[in-house]
Amino acid sequence: QVQLVESGGGLVQPGGSLRLSCVISGHSFNGYTMGWFRRAPGKEREFVAALRSSGGHTYYTDSVKGRFTISRDIAKNTGYLQMNDLKPEDTAVYYCATGVTILSSIRTSRGYRSWGQGTQVTVSS
């Protein structure tokens, strides 16, 4: 059974940094895309970043480019989202997800089969 467990969320001041982790059990990264999504209060869940197994290509939503970095540690079967220069609009519950994802679906929820429970990120002074 696949299980994804996120951690690393918390309260941070604007301009601060956090690193989210996603421990994956039940499958390896081989052949799977890992994505990060977020849901802000009163909003729909939105794509944040993705990392494809094949070639290690990365994808980001425009609002986080240059500030967030998605990565993985294959030996630990753990994915990460390094978030720098955080802004109040980054406040959301962040979810990691994995799936055998085709490129056209990489930015959509339907491209992913397994999801974590989410971790809260709050950016506030």
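Residues numbered from 1 in each chain as written. Predicted model: local features only at pLDDT ≥ 70, side-chain atom pairs only at ≥ 80, totals over all residues. Heavy atoms only, no water.

Observations regarding the overall build of the protein chain
The secondary structure content of the protein chain amounts to zero helices and eleven strands. Listing every helix and strand of the protein chain by position from the N terminus yields β-β-β-β-β-β-β-β-β-β-β. Relative to a compact globule of 125 residues, whose C-alpha radius of gyration would be 14 Å, the protein chain shows 13 Å and is just as compact. Its C-alpha atoms give the protein chain principal-axis dimensions of about 40 × 30 × 25 Å. Buried residues in the protein chain amount to 46% of all 125 residues. Taking the contacts inside the protein chain whose residues are at least 6 apart along the sequence as the reference set, 59% of them involve residues at least 24 apart. As presented, the protein chain carries roughly 6,400 Å² of accessible surface, and 47% of it is formed by carbon and sulfur atoms. Of note, the protein chain has its 14 positive side-chain charges centred 6 Å away from the centre of its 8 negative side-chain charges. (Helix = DSSP H or I, 4+ residues; strand = E, 2+ residues; numbered from the N terminus. Rg over C-alpha atoms; globule rule 2.2 N^0.38 Å. Buried < 20%, exposed > 50% of the residue type's maximum accessible area, 1.4 Å probe, protein only. Contact = heavy atoms within 4.5 Å. Areas by Shrake-Rupley, 256 points an atom, 1.4 Å probe, with all protein chains shown as cover. Lys, Arg positive; Asp, Glu negative; His and termini not counted. Charge placed at Lys NZ, Arg CZ, Asp CG, Glu CD.)

Side note on the packing of aromatic side chains
Using the criterion set out here, one finds four aromatic pairs in the structure. Judged by centre distance (5.2 Å) and plane angle (80°), the rings of Phe37 and Tyr112 are edge-to-face. On the criterion of sequence distance, the pair formed by Phe37 in strand β4 (residues 33-39) and Tyr112 in the loop between β9 (92-99) and β10 (114-115) is long-range, its members being 75 residues apart. Of the two residues examined, Phe37 and Tyr112, each falls in the buried class. Look at Tyr112 and Trp115: their rings are 6.2 Å apart centre to centre, the planes differ by 70°, and that puts the pair in the edge-to-face class. The buried category is assigned to Tyr112, whose relative accessible area is 6%. By way of ring pairs, the aromatic residues Phe37, Phe47, Tyr112 and Trp115 are connected into one cluster. Above the plane of the ring of Tyr95 lies Arg45, whose end atom (NZ or CZ) is 6.0 Å from the centre. Over the aromatic face of Phe29 sits the side chain of Arg72, whose NZ or CZ is 5.7 Å from the ring centroid. (Phe/Tyr/Trp six-rings, centres within 6.5 Å; stacked < 30°, edge-to-face > 60°. Lys NZ or Arg CZ within 6 Å of the ring centre and 35° of its normal.)

Points about the environment of His57
You can see His57 is positioned in the loop between β5 (46-51) and β6 (58-60). Owing to a relative accessible area of 46%, His57 belongs among the partly exposed residues under this scheme. On a C-alpha basis, the gap between His57 and Thr33 in space is 9.7 Å, while along the polypeptide they are 24 residues apart.

So, the sheet that holds strand β7 (residues 68-73)
Read across the sheet, four strands follow the order β1-β3-β8-β7 without closing on themselves; strand pairing throughout is antiparallel. Among the strands making up the open sheet, the edge pair consists of β1 (3-7) and β7. The mean inter-strand angle of the sheet, taken between neighbouring strand axes irrespective of direction, is 15°. Across five bridges, the pairing between β1 and strand β3 (residues 18-25) is antiparallel. In the strand pairing of β3, Glu6 is matched with Cys22. (Pairing = 2+ DSSP bridges. Axes fitted to C-alpha atoms, helices over the stretch in contact; angles between N-to-C directions.)

Description of unusual backbone geometry
For Asn77, which is not a glycine, the phi torsion comes out positive at approximately 50°. By the element assignment, Asn77 lies in the loop between β7 and β8 (78-83). For Asn77, a relative accessible area of 15% gives the class buried. In this structure, Asp85 is a non-glycine residue whose phi angle is positive, near 50°. Mapped onto the elements, Asp85 comes out in the loop between β8 and β9. Asp85 sits in the partly exposed class, given a relative accessible area of 37%.

Remember, this is a structural readout, not a statement about activity or role.
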